[in-house]
Amino acid sequence: MQRRWLSLAVVAAVLTACSQPVEGVAVAGVPGLAEQFDPCSIPDDAIAATGLNPETESGWLEGMSVKAWTNCGWEGPAKSSWYRFDVLFSIQFTLDEVRHNTAFRDFKEIRLSSRPAVEYRFEGRPSEESCGTSFDTAEGVAMISVDVLGTAPPQGDPCELVRRHTIELQQYFPPSK
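From a predicted model like this one, the values you see are computed outputs, not experimental measurements. (Residues numbered from 1 in each chain as written. Predicted model: local features only at pLDDT ≥ 70, side-chain atom pairs only at ≥ 80, totals over all residues. Heavy atoms only, no water.)

A.B. asks: Even after reading the chapter, I still don't get the overall build of the protein chain, so can you show me in this structure?
C.D. replies: Secondary structure assignment for the protein chain yields four helices and seven strands. For the protein chain, the N- to C-terminal ordering of α and β elements is α-α-β-β-β-α-β-β-β-β-α. In the protein chain, the proportion of contacts linking residues at least 24 apart, taken out of those at least 6 apart, comes to 55%. With an accessible surface of roughly 8,300 Å², the protein chain has 54% of that area assigned to carbon and sulfur atoms. (Helix = DSSP H or I, 4+ residues; strand = E, 2+ residues; numbered from the N terminus. Contact = heavy atoms within 4.5 Å. Areas by Shrake-Rupley, 256 points an atom, 1.4 Å probe, with all protein chains shown as cover.)

Shown next, in the form of C-alpha cells:
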C-alpha cells in the first residue's frame, strides 16, 4: 500500500500543476467539474474480462478532489493483485500538454490499436514499478497508468500491462479525434 500512496501523491502533484478551474455542470458531486467521460462508467464485466478485479474499483481518495480530472482504477487479478490500473480523463488538457509535463520522462510514441499515443515513465519512480500512456480523444485526454502495489517486486512489465488493458478497454473511451 506504501507505493500506492506515493503513486497517488505523484499523480495529485502532476494534476494540480496542470489543473485550473473549469466551467460546467458538476459530475459526481464535485462542483466546477465540467461534465466529461467518467472512467468508472466502464462496465464491470468489461473490467473483469481484462483480468482486472472490478470489486476493487475506486476513484479519488476520500477528501481528495482534482476538479479538472475524473479518475477510476482497479487492482490486478484477485489471486495475485500486485498492480493497479488507473484511468484519468480531462476535457481541459491535451496530449501535447502531457508530452511537455516535467513529471514524466522517457517518452515514446506508440499506437494502441488505431489510436496514436505516448508512453512514458514517472519522474522519481523506478521504471519497473510504473508506466503511463496517454492519448487524445474527441472529448479530451486520457491518462492511463499501471503502478506496482505493496512492497513485493513487480511480476511483469507495467508498460506491457498498461498497453494491453488499454487496448482491451478502448471501445469504452470516447472516440479518437
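Moving on from the model shown.
A.B. asks: Sorry if this is basic, but what is going on with the sheet that holds strand β4 (residues 104-112) here?
C.D. replies: Whether parallel or antiparallel, the strands of a sheet pair through hydrogen bonds between backbone atoms. The seven strands are arranged β1-β2-β3-β7-β6-β5-β4 in an open sheet whose pairing can be described as antiparallel. Of all the strands in the sheet, the pair left with one neighbour each is β1 (53-58) and β4. Strand after strand, the sheet turns through a mean of 25° between neighbouring axes, direction not considered. Two strands pair when backbone bridges link them, and strand β6 (residues 130-136) and strand β7 (residues 141-148) are joined in this way by seven bridges, in the antiparallel orientation. Bridge assignment links serine 134 to a residue of β7, and that residue is methionine 143. (Pairing = 2+ DSSP bridges. Axes fitted to C-alpha atoms, helices over the stretch in contact; angles between N-to-C directions.)

A.B. asks: Sorry if this is basic, but what is going on with the state of the cysteines here?
C.D. replies: A covalent bond between the sulfur atoms of two cysteines is referred to as a disulfide. One pass over the structure, following the stated rule, counts two disulfides. Here cysteine 40 is linked by a disulfide to cysteine 72, with a sulfur-sulfur distance of 2.0 Å. One disulfide, between cysteine 40 and cysteine 72, carries an S-S torsion of 100° and so falls in the right-handed class. Here cysteine 72 lies in strand β2 (residues 70-75) and cysteine 40 lies in the loop between α1 (2-18) and α2 (44-50), a separation of 32 residues in the sequence. For cysteine 40, a relative accessible area of 24% gives the class partly exposed. (Disulfide = S-S within 2.5 Å. Buried < 20%, exposed > 50% of the residue type's maximum accessible area, 1.4 Å probe, protein only.)

A.B. asks: Would you mind showing me how to read the pattern of salt bridges here?
C.D. replies: Note on pairing: side chains with opposite charge can pair once their charged atoms come close. Considering all chains together, one arrives at ten salt bridges under this definition. Taking the shortest distance from any N to any O, the salt bridge between aspartate 96 and arginine 99 comes out at 3.0 Å. Linking aspartate 96 with arginine 99, this pair stays in helix α3 (residues 95-99), spanning three residues, or about one helical turn. Several salt bridges share partner residues, and in doing so they unite Asp96, Arg99 and Glu109 into one network. (Salt bridge = Lys/Arg side-chain N within 4 Å of Asp/Glu carboxyl O.)

A.B. asks: Explain the packing of aromatic side chains to me, please; I cannot follow it from the model alone.
C.D. replies: For any pair of aromatic rings, the description rests on two quantities: the centre-to-centre distance and the angle between the ring planes. Evaluated as defined, the whole model comprises ten aromatic pairs. Members of the aromatic cluster, joined through ring pairs, are Phe37, Phe89, Phe135 and Phe173. (Phe/Tyr/Trp six-rings, centres within 6.5 Å; stacked < 30°, edge-to-face > 60°.)

A.B. asks: How do you make sense of helix α4 (residues 158-169) when you look at a structure like this?
C.D. replies: For an α-helix the count is 3.6 residues per turn, leaving residues at separations of three or four pointing the same way. Taking 1.5 Å of rise per residue, the twelve residues of α4 would be expected to cover 16 Å, and the 16 Å separating its terminal C-alpha atoms lies within 8% of that figure. Buried residues of α4: Pro158, Cys159, Leu161, Val162, His165, Thr166 and Leu169, and no others. Buried residues in α4, looked at end-on, bunch into an arc of 160°, giving them a common side. Contacts from the buried residues of α4 go to α2, β3 (83-90), β4, β5 (115-122), β6 and β7. For α4, the N-terminal cap is aspartate 157; the gap from its side-chain oxygen to the backbone nitrogen of cysteine 159 is 3.0 Å. (Expected span 1.5 Å × (residues − 1). Arc of directions from axis to C-beta. Polar contact = N/O pair within 3.5 Å; in protein donor to acceptor, adjacent residues only side chain to side chain.)

A.B. asks: Mind showing me how you'd approach a negative patch on the surface here?
C.D. replies: A surface patch of negative charge is lined by Asp44, Asp45, Glu55 and Glu57. The set of elements that each furnish at least two residues to the negative patch consists of α2 and β1. (Patch = residues over 30% accessible without salt bridge, like charges linked within 9 Å, V, L, I, M, F, W, Y side chains within 5 Å. Lys, Arg positive; Asp, Glu negative; His and termini not counted. Charge placed at Lys NZ, Arg CZ, Asp CG, Glu CD.)

A.B. asks: Is there a simple way to explain the environment of glycine 156 in this structure?
C.D. replies: As for its placement among the helices and strands, glycine 156 is situated in the loop between β7 and α4. Separated by 73 residues in the primary sequence, glycine 156 and tyrosine 83 place their C-alpha atoms 9.4 Å from one another.

A.B. asks: What exactly am I supposed to notice about the nonpolar core here?
C.D. replies: Residues Ile42, Trp74, Phe85, Phe135, Ile144, Leu169 and Phe173 are the most contacted members of the largest nonpolar core, which totals 26 residues. Beyond its immediate stretch of four places on either side in the chain, isoleucine 42 contacts Phe37, Ile47, Trp74, Leu169 and Tyr172. (Core = buried A, V, L, I, M, F, W, Y, C linked by side-chain atoms within 4.5 Å.)

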